[in-house]
Amino acid sequence: MGGTDLHELLRSLRVWDEAVTELPPFDPDTAPGEPLALFARWFADAVTAGQTEPHTVSLATADADGLPDVRVVMLHGADADGWSFASHAGSRKGRHLAARPYAALVFYWPVLGRQVRLRGPVTLAPAGQAQADLHARSTGALAAALTGRQSAELGSPDELARASQAAWERAGREPDAPVPSWTLYRLRPDEVEFFQGDARRRHVRLTYRRTAPGADAWHTRLLWP
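Now for a look at the structure at hand. The structure displayed is predicted, hence computed values, not measured ones.

Analysis parameters
Residues numbered from 1 in each chain as written. Predicted model: local features only at pLDDT ≥ 70, side-chain atom pairs only at ≥ 80, totals over all residues. Heavy atoms only, no water. Phe/Tyr/Trp six-rings, centres within 6.5 Å; stacked < 30°, edge-to-face > 60°. Helix = DSSP H or I, 4+ residues; strand = E, 2+ residues; numbered from the N terminus. Buried < 20%, exposed > 50% of the residue type's maximum accessible area, 1.4 Å probe, protein only. Lys NZ or Arg CZ within 6 Å of the ring centre and 35° of its normal. Core = buried A, V, L, I, M, F, W, Y, C linked by side-chain atoms within 4.5 Å. Contact = heavy atoms within 4.5 Å. Salt bridge = Lys/Arg side-chain N within 4 Å of Asp/Glu carboxyl O.

## Re the packing of aromatic side chains
Thinking step 1. Evaluated as defined, the whole model comprises 11 aromatic pairs.
Thinking step 2. Ring geometry for Phe 39 against Trp 83: centres 5.5 Å apart, planes inclined by 80 degrees, an arrangement best described as edge-to-face. With Phe 39 in helix α2 (residues 35-48) and Trp 83 in strand β4 (residues 82-88), this residue pair connects regions lying 44 residues apart in the sequence.
Thinking step 3. The exposure class of Trp 83 is buried, given its relative accessible area of 3%.
Thinking step 4. A ring pair is formed by Phe 85 and Tyr 185, whose centres lie 5.5 Å apart and whose planes are at 20 degrees; its orientation type is stacked. You can see Phe 85 sitting in strand β4 and its partner Tyr 185 sitting in strand β7 (residues 182-187), a full 100 residues away along the chain. As far as burial versus exposure is concerned, Phe 85 and Tyr 185 are alike and both buried.
Thinking step 5. Each member of the aromatic cluster is reached from another via a ring pair, and the members are Phe 26, Trp 42, Phe 194, Tyr 208 and Trp 218.
Thinking step 6. Over the face of the ring belonging to Trp 42 we find Arg 114, whose NZ or CZ atom lies 4.1 Å from the ring centre.

## Concerning the nonpolar core
Thinking step 1. Counting 28 residues, the largest nonpolar core has Leu 38, Phe 39, Phe 107, Val 116, Leu 118 and Phe 194 as the members making the most contacts within it.
Thinking step 2. Of all the elements in the fold, those that place two or more residues in this core are α2, β1 (56-62), β4, β5 (102-109), β6 (114-124), β7, β8 (191-196) and β9 (204-210).
Thinking step 3. In this view, Leu 38 contacts Phe 26, Ala 31, Pro 32, Phe 194, Leu 206 and Tyr 208; residues no more than four positions away in its chain are not counted.

## Some details on the pattern of salt bridges
A pair can form between side chains of opposite charge whenever their charged atoms are brought close.
Thinking step 1. Applying the stated rule across the entire model yields 10 salt bridges.
Thinking step 2. Its salt-bridge partner being Asp 69, residue Arg 71 comes within 3.7 Å of it at the nearest N-O pair.
Thinking step 3. In this structure Arg 71 comes out as buried when scored by relative accessible area, which is 17%.
Thinking step 4. When its relative accessible area of 21% is taken as the criterion, Asp 69 is described as partly exposed.
Thinking step 5. Across the salt bridge formed by Arg 209 and Glu 191, the nearest N and O atoms sit 3.3 Å from each other. Residue Arg 209 is located in strand β9, and its partner Glu 191 is located in strand β8; the two are separated by 18 residues in the primary sequence.
Thinking step 6. Among the charged side chains, a salt-bridge network with shared partners connects Asp 69, Arg 71 and Arg 92.

Following this line, the structure appears as structure tokens:
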């Protein structure tokens, strides 16, 4: 596909097609006093609306030189301790977070025209909780974790196939097999933004910020779209 074809294809696309998208009203005056309750409500709305994989979230980190990187991960939970995701400590994201323990997350649920953006410091859950989280997931998730070497250079597809097969066999034999490098991360946001799209582009952007670093109280403000 040439550049002209790509440009034409992009111009042909429409955002929030009425045939598949509902843009519900959002009155920020009715929002709860803290963001977790609103996130739980919006997440449930996305599931009910049929959003595909609503628990996928883009995770942005920075390396030791401050250069950004982003990838899609799965949300493992959200509570007073933070929004949780997991990876190997030696993966690229793991190395970034070891050097700079601060990150940003963004959820996008196009079926409702909604985004949720978070940023804040990242901490590590206790190792026992990380292992419990892993073993509560599927056999495939454990096999992938046992395969290991995430982000390391791969010599060939055959090398991966052999390691993966061995990992699947072990996961089947040992459903509680430990994976010491598996790490559960928690982002405890300093700021959370809720974005509700509007057909006339009068989007609602409600931002929560902690009243002080580490505080449990929040103040809110609206932003221009």
